[in-house]
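Listed here are the chains, written in short residue letters.
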Amino acid sequence: MDQEKPKSSALSEKSGVEQPEIVSKIAAGHIVALRNKNVAAADLISGILSGNITALSRAITLVESTNPEHLAKANEVINGCLPHANQSIRIGITGVPGVGKSTFIEAFGKHLTGIGKKVAVLAVDPSSTISHGSILGDKTRMEELVKDQNAFIRPSPSGETLGGVARKTRETITLCEAFGFDTIVIETVGVGQSETAVHSMVDFFLLLKISGAGDELQGIKRGIMEMADAIVINKADGDNIKKARLAKTEFNRALHLFPAKKSGWTPKVSTCSAITKDGIDEVWEMISEFLELTKSNHYFGEKRREQNQYWMLETIDERLKNHFYNDKNTIALLEQNKKAVQNNEISPFAAAQILLENYFKFNH
Ligand SMILES: Nc1nc2c(ncn2[C@@H]2O[C@H](COP(=O)(O)OP(=O)(O)O)[C@@H](O)[C@H]2O)c(=O)[nH]1
Ligand SMILES: [Mg+2]
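Everything numeric here is computed off the predicted structure, so don't read it as measured data. (Residues numbered from 1 in each chain as written. Chains lettered and ligands numbered in written order. Predicted model: local features only at pLDDT ≥ 70, side-chain atom pairs only at ≥ 80, totals over all residues.)

### Details of the overall build of the chain
Condition: Think of it this way: any DSSP run of H or I at least four residues long counts as a helix, any run of E at least two long counts as a strand, and we number them from the N terminus. Here contacts are defined at the residue level, using C-beta atoms placed from the backbone and a cut-off of 7 Å between them.
Within the chain one finds 15 helices and seven strands. Taking the contacts inside the chain whose residues are at least 6 apart along the sequence as the reference set, 73% of them involve residues at least 24 apart.

### Describing the pairing of strand β5 (residues 204–210)
Rules: Around each residue's C-beta, the other C-beta atoms within 10 Å are counted; 20 or more make the residue buried, 12 or fewer make it exposed, and counts in between make it partly exposed. All C-beta atoms are placed from the backbone. Strands qualify as paired when DSSP identifies two bridges or more between them.
Counting buried positions along β5 gives six out of seven residues, so the element sits mostly inside the fold. The pairing of strand β1 (residues 89–94) with β5 spans four bridges and is classified as parallel. Counterpart to G92 in the pairing with β5 is F205. Examined bridge by bridge, β5 and strand β6 (residues 230–234) share five bridges and lie parallel to one another. Bridged to L206 within β6 is A230.

### Some thoughts on helix α2 (residues 41–49)
Here is the rule we go by: Working definition: the arc comes from the directions between the helix axis and the C-beta atoms, pointing outward to the latter.
All buried positions along α2 are accounted for by L44, I45, G47 and I48. Across the axial projection of α2, the buried residues extend over an arc of 165 degrees, all falling on one side. Buried-residue contacts for α2 involve α3 (53–64), α4 (71–81) and α8 (162–179). Downstream of α2 by a residue or two, G51 has a phi angle that is positive, lying close to 80 degrees.

### Some points on the site of ligand 1
Going by this rule: Each residue receives a C-beta atom built from its backbone; the residue is near a molecule or strand if that atom lies within 6 Å of it. When residues are grouped by polarity, Ala, Val, Leu, Ile, Met, Phe, Trp, Tyr, Cys and Pro land in nonpolar, Asp, Glu, Lys and Arg in charged, and all others, Gly among them, in polar.
The local shell around ligand 1 holds 16 residues, among which G100, K101, S102, T103 and K235 are the closest. Its residues placed into classes, the shell around ligand 1 shows four nonpolar, seven polar and five charged.

### Let's talk about the packing of α8 against helix α13 (residues 299–325)
Here is the rule: Axis lines are fitted through C-alpha atoms, for helices just across the contact stretch, and the angle between N-to-C directions can take any value from 0 to 180 degrees. Note on terminology: angles under 35 degrees are roughly parallel, angles over 145 are roughly antiparallel, angles of 65 to 115 are roughly perpendicular, and the others are oblique. Here a crossing is taken to be left-handed if its near helix is turned anticlockwise relative to the far helix by less than a right angle, and right-handed if that turn runs clockwise.
The interhelical angle for the contact between α8 and α13, taken along N-to-C directions, is 135 degrees, at an axis separation of 10 Å. The angle between α8 and α13 places the two elements in the oblique class. Note on packing geometry: the crossing formed by α8 with α13 is left-handed. When α8 is examined against α13, the residues G163, G164, R167 and R170 are found in contact with a partner set consisting of W311, E314, T315, D317 and E318.

### A word on unusual backbone geometry
One non-glycine residue, N86, lies in positive phi territory at about 85 degrees. By the element assignment, N86 lies in the loop between α4 and β1. Not every positive phi belongs to a glycine, and N344 is a case in point at roughly 60 degrees. Tracing the chain through its elements places N344 in the loop between α14 (331–342) and α15 (348–362). The class of N344 is exposed, set by 7 C-beta atoms lying within 10 Å.

### Quick word on the environment of S200
Looking at where S200 falls in the secondary structure, it is placed in the loop between α9 (194–199) and β5. For S200 and A166, which are 34 residues apart along the polypeptide, the C-alpha to C-alpha distance reads 9.6 Å. Other than its neighbours up to four places away in sequence, S200 contacts Q307 and Y310.

### Quick notes on the packing of α2 against α3
One way to put it is that α2 packs onto α3 with a least axis distance of 7 Å and a crossing angle of 130 degrees. Taken together, the axes of α2 and α3 are oblique relative to one another. Handedness of the α2/α3 crossing: left-handed. Counting all contacts with α2, which are made through L44, G47 and I48, the residues of α3 involved are A55, L56, R58 and A59. Tallied by class, the residues present in the contact of α2 with α3 amount to five nonpolar, one polar and one charged.

### Details of the environment of L62
Within the secondary structure, L62 is located in helix α3. Overall, L62 belongs to the buried group, with 22 C-beta atoms counted inside 10 Å. Considering only alpha carbons, one finds L62 and K168, 106 residues apart in sequence, at a separation of 9.9 Å. Aside from chain neighbours lying at most four places away, what touches L62 is H70, K73, A74 and V77.

### Concerning the sheet that holds β5
Strand order in the open sheet made by the seven strands is β3-β2-β4-β1-β5-β6-β7, with parallel pairing throughout. A strand with exactly one partner marks an edge of an open sheet, and here the two such strands are β3 (151–153) and β7 (268–271). The mean inter-strand angle of the sheet, taken between neighbouring strand axes irrespective of direction, is 20 degrees. Relative to strand β4 (residues 183–188), helix α5 (residues 101–114) is tilted by about 175 degrees, and along the sheet it contacts β1, β2 (119–124), β3, β4, β5 and β6. Packing against the sheet, helix α11 (residues 241–255) makes contact with β6 and β7, and its axis sits at approximately 175 degrees to β7.

### Quick notes on the confidence of the model for the chain
The cut-off we apply is this: As a per-residue quantity, pLDDT reports the predictor's confidence and falls between 0 and 100.
Taken as a whole, the chain shows an average pLDDT of 86; of its residues, 84% reach a score of 70 or greater. Taken element by element, the predicted model of the chain shows its lowest mean pLDDT in helix α6 (residues 134–138) (53) and its highest in helix α12 (residues 280–296) (98). With pLDDT under 50 throughout, residues 1–16 is counted as low confidence; its partners more than four residues away or in other chains account for six contacts.

### Re the pairing of β7
Counted only if it meets this: For a crossover, the right-handed case is the one in which the path from the first strand over the helix to the second runs clockwise, viewed with the strands pointing away from the viewer.
Residues K268 and S270 of β7 are buried on one face, and the alternating residues V269 and T271, pointing to the opposite face, are buried as well. Here β6 pairs with β7 via four bridges, running parallel. The residue of β7 that forms the bridge with V232 is S270. Regarding the hand of the β-α-β motif, the stretch spanning β6, α11 and β7 is right-handed.

The following block contains the structure:
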């Protein structure tokens, strides 16, 4: 004990027991090894499998990297994790900005860790590149979850295209599952095509809504209603409770007009408050019911296999596009043809033909 010289630094609250030399050396060695940029794929894999959160974060950063040199190593890590992945439930959450997704995930996530789940929260937000990681700001809405030992929150990867952002999140799911997270929650913004991408990587898709002025179905995209396994009306607290119940009736009626789902599941509508936590446990009960049904009728596994095919094709699409647009023999010619098309000097099809022929000439 260090009784003679009490420490006064704000960083140490009380004098403690000195670290035994041997322990700190081993720990330091681990940290140095992980900080080393060239940490081998095998080390990342074993780190992830043994529950080392630094290894997980580092592997995710590798997957998110746009440096083509990192690609092979990222693939090696994913392949190594794959046999240990898949044992999870993946839940997608969408809804327009302000509906309360982040607050809901905080309450829902805490409920899940409270019943012994290990929860990873990921995000697909293609706009976060522009707004400099808006989801990072959301961490302040997830104050409790951020501190939770059994939760892991990762903001949306940045990338130029939705395809890139989505693929990276899909790969991150594998890493998180191999680490031991059994519940993966994916938040996405309710705009653009991001819902389709997220729908293609989750087992259960939840649409978060708030009650409006009685015209609940206005402005809601039909495609999203069709994708939803549940509509949860949030902010059912205070003066809003009555309106939320009315909205529930209206959504229930609307959902009955849609054709039956391949899963055999009838989408459900419920109300909750992410602030008072009312109805949060019911959301999990509903998801459990869905799992029971779709595992017994084998839809669960079938959908995951279909989704894997989808991601194979998506990845090919994305890589081919990247390869084309970053091809050094293409870039200048592309600019030239863009101008020519704009000036009506050449048809768009003829220009595309020239560019593709040139590309194939250099890449076969
Ligand atoms: N009254 C009430 N406010 C809520 C509830 N959930 C979220 N909010 C508030 O709604 C605002 C937007 O929430 P946020 O989680 O950031 O929404 P997101 O943009 O969908 O992620 C915040 O001011 C929250 O405090 C709720 O259940 N009840
Ligand atoms: Mg949010």
